[in-house]
There are 2 protein chains.
Amino acid sequence: MEIKKNLLPADKLQPKPKDENALGFGRIFADHLFAMDYEEGKGWINARIDPYGPIALDPAALVLHYGQEVFEGMKAYYGKDGGVYLFRPEANIKRMANSCARLCMPAPDKDIFLEGLMELLRTEKGWIPKAPGTSLYIRPNMIATEAALGVKVSDNYLFYIMVGPVGAYYPEGFAPTKIYVEEKYVRAAPGGLGEAKTAANYAASLFAGEKAHEEGYTQVLWLDACDKKTIEEVGTSNMFFVIDGEVTTAPLDGTILPGITRDSAITLCKHWNIPVSERKITIDEVIKAQEDGRLDEAFGSGTAAVISPVGSFTYRGQEIPVGKGETGDISRRLYDEITGIQWGERPDPFGWVTKVC
Amino acid sequence: MEIKKNLLPADKLQPKPKDENALGFGRIFADHLFAMDYEEGKGWINARIDPYGPIALDPAALVLHYGQEVFEGMKAYYGKDGGVYLFRPEANIKRMANSCARLCMPAPDKDIFLEGLMELLRTEKGWIPKAPGTSLYIRPNMIATEAALGVKVSDNYLFYIMVGPVGAYYPEGFAPTKIYVEEKYVRAAPGGLGEAKTAANYAASLFAGEKAHEEGYTQVLWLDACDKKTIEEVGTSNMFFVIDGEVTTAPLDGTILPGITRDSAITLCKHWNIPVSERKITIDEVIKAQEDGRLDEAFGSGTAAVISPVGSFTYRGQEIPVGKGETGDISRRLYDEITGIQWGERPDPFGWVTKVC
Ligand SMILES: Cc1ncc(COP(=O)(O)O)c(C=O)c1O
Ligand SMILES: Cc1ncc(COP(=O)(O)O)c(C=O)c1O
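Cut-offs and rules
- Residues numbered from 1 in each chain as written.
- Chains lettered and ligands numbered in written order.
- Predicted model: local features only at pLDDT ≥ 70, side-chain atom pairs only at ≥ 80, totals over all residues.
- Heavy atoms only, no water.
- UniProt positions renumbered as here; feature names shortened; annotations may be inferred.
- Buried < 20%, exposed > 50% of the residue type's maximum accessible area, 1.4 Å probe, protein only.
- Least-squares fit on C-alpha atoms with pLDDT ≥ 70 in both.
- Contact = heavy atoms within 4.5 Å.
- Buried area = accessible area lost by both parts, 1.4 Å probe.
- Salt bridge = Lys/Arg side-chain N within 4 Å of Asp/Glu carboxyl O.
- Helix = DSSP H or I, 4+ residues; strand = E, 2+ residues; numbered from the N terminus.
- Nonpolar A, V, L, I, M, F, W, Y, C, P; charged D, E, K, R; others polar.
- Pairing = 2+ DSSP bridges.

As annotated in an unreviewed UniProt entry, chain A carries the name Branched-chain-amino-acid aminotransferase and is attributed to Dethiosulfatarculus sandiegensis. A UniProt comment under Function (unreviewed entry) is attached to chain A, and it reads "Acts on leucine, isoleucine and valine." Under the heading Cofactor (unreviewed entry), UniProt records this for chain A: "pyridoxal 5'-phosphate".

Set out below in structure tokens:
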């Protein structure tokens, strides 16, 4: 498919942010986005680079009423050789296709997805920040645009990719987080949408997240919907524990997002001959391990922070400290290795890195 | 609050649909909508009647990524005295406020909500169809408009009310429906969003709904998320059973929508001294009742169809017929009474009907 380019003239471009150490997350967007339309009977049409600007939606657009929507999150970085790189983009494209299937949506063709992304990155190369730890956040999004009231699968969709520079997640170094273990509210149940990257799961997380923030916690740890015992995931990260030297994370049973950072961490542990298992682990097991002095580390994994060490969990009013209250060795090693591969500072034995330009 | 009127000139209005017996549902929208904005720090501002037309949303608008959204559904009718009426609008306004609370959204003030709706109905009176059984469907909707990537509660919202004429639900009389009892997929779990009227629940229902439609069923009956035994609700209706003369429906435990038609049906049964209970009922109990010849009736209740009789349930490949395969007496009586009250043909002892003009 040909990509039409509707580029802004040079004098209409926004100034780039001056201070790359104050980028924050998700507030600054580049001048253009990639977009294409899906129409029932025609398939994907109108692939284009458009100026970033408002999307016109019918007030009855299905996405605005029934949440038929999927998205992705990934990053582009400057490598130490001055090239621009992506980390495992084909994994995001695959996951988006899976999310689409669950939401009855037509998956964007994988080649045109990647081609559109590459074209956008070449266009917006100037928006990729260079300060250590910074990157260009990439948000592919797909929404149901047909105007119809009455629950139905949309005939039409808009797919777009927007990008924006984001700051280093740990400008002052790793800071272990405080996590609230949620027993009342539920993010996703078996048979629900948990493994899809779709609006519904995040809408379901808002209330508990707000409550936790107000009480000084960074994130909510979700337990399984039925027994409220088995650990699922945390906020926008998958959850890992290191107990007696064994790395453990929840299995992909349909209620959690299959994180790409999660998969990378598991792969690296195996590569290093660190015992790692994907299995159900309960909050009781974590408490018991802590009591016995065997809870060495706990960390979240996700695109935004890569690895985020947990300092403590609060469950039923009790604080469960993790390890020695400092970032653990495996957390640190995974963070250094993954970011090292991303930035081209370490070898890439698994072919995770894709050069853009 | 003053409502600004931005009305289209007479020659820009759309022609009204000619055939009121072919209106369908949710495809035709009136010329104007009511809208207002919420801005953190300012509250609700800019109440207005605007021409119906595209809404401009930032590609990063939170509703498009994280589904922070709530809506309502209600109807306006011509009464037999030629007046225009609403059915229990304060109940919809109350429910929307509850949905807002669950989604961390500021509820629209109840007086301005009702005032905006009334003003819109007076403006669009010509769009209310007159053929028997037709009505003007009303869709209040509220969406998170702040541009931010990263899961958060929005600072800004758009609230709007759109309306459109809808056809009679039963142009050829009551037709008992075929319902598929879903055991694999889940709409809402305890601790989830089930009792809020929000996009996430409908997104969660799409896949199972599609599958059921393809196999010739009208709707999906949801079972509880954990045991898959207790009956929840069906598609966009609450579910009632009449067993041995007792009317039964699921209790409001947080996983189902508190339907206004459900409440009206319960109130009427009590008024008529028909035994009625809100209690957990399992699919096994329904099967047993059918086997013993005690499953007299089953019906859904909702704004769109008012009462929709169920002809059979299909569970684990077995068809469970209901009653004698015809619309039952209580289903019929409730339908006649509720629509009779709505259309001003019967007395309104509970003060359910509100005159618009
Ligand atoms: C709910 C949820 N879990 C886990 C993750 C981590 O996934 P990934 O490592 O692919 O970023 C994310 C973030 O994308 C998420 O939103
Ligand atoms: C999930 C769901 N349950 C039940 C109902 C019935 O509610 P009401 O009687 O208020 O229309 C609806 C429709 O509004 C619905 O969407």
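Following the structure, the description resumes.
Our next topic: unusual backbone geometry. Phi at cysteine 104 of chain A is positive, roughly 60°, even though this residue is not glycine. Using a relative accessible area of 18% as the deciding quantity, one classes cysteine 104 of chain A as buried.

It is worth spelling out the relation of the copies chain A and chain B at this point. Between the two copies, chain A and chain B, the superposition gives an RMSD of 0.0 Å; the rotation angle is 180° and the shift along the axis is 0.0 Å. The transformation relating the two chain copies, once decomposed into turn and shift, fits a two-fold axis. The overlap is high: 100% of the interface residues of chain A also sit at the interface in chain B, so the same surface is used on both sides.

Many structure descriptions define interface size as the accessible area lost when the parts assemble. With 61 residues of chain A in contact, the opposing surface of chain B contributes 61 residues. Roughly 4700 Å² is buried in total at the junction of chain A and chain B, and carbon and sulfur atoms are behind 66% of that figure. Considering only the side of chain A, the residues that lose the most area to chain B are Pro59, Leu149 and Leu206 of chain A, jointly responsible for 14% of the buried surface there. Between glutamate 146 of chain A and arginine 27 of chain B there is a salt bridge; the shortest N-O distance is 2.8 Å. Among the secondary structure elements, those contributing two or more residues to the side of chain A that touches chain B are β4 (55–57), α1 (63–66), β5 (69–71), α2 (89–102), β8 (135–144), β9 (156–166) and α4 (199–214) of chain A. With 9 residues, α4 of chain A is the largest single contributor of residues to the side of chain A that touches chain B. Class assignment of the residues belonging to the side of chain A that touches chain B gives a composition of 40 nonpolar, 11 polar and 10 charged. Of the pairings in the sheet, the one linking β4 of chain A to strand β4 (residues 55–57) of chain B comprises 3 bridges and is antiparallel in character. Within the sheet, the bridge partner assigned to isoleucine 55 of chain A lies in β4 of chain B and is leucine 57 of chain B.

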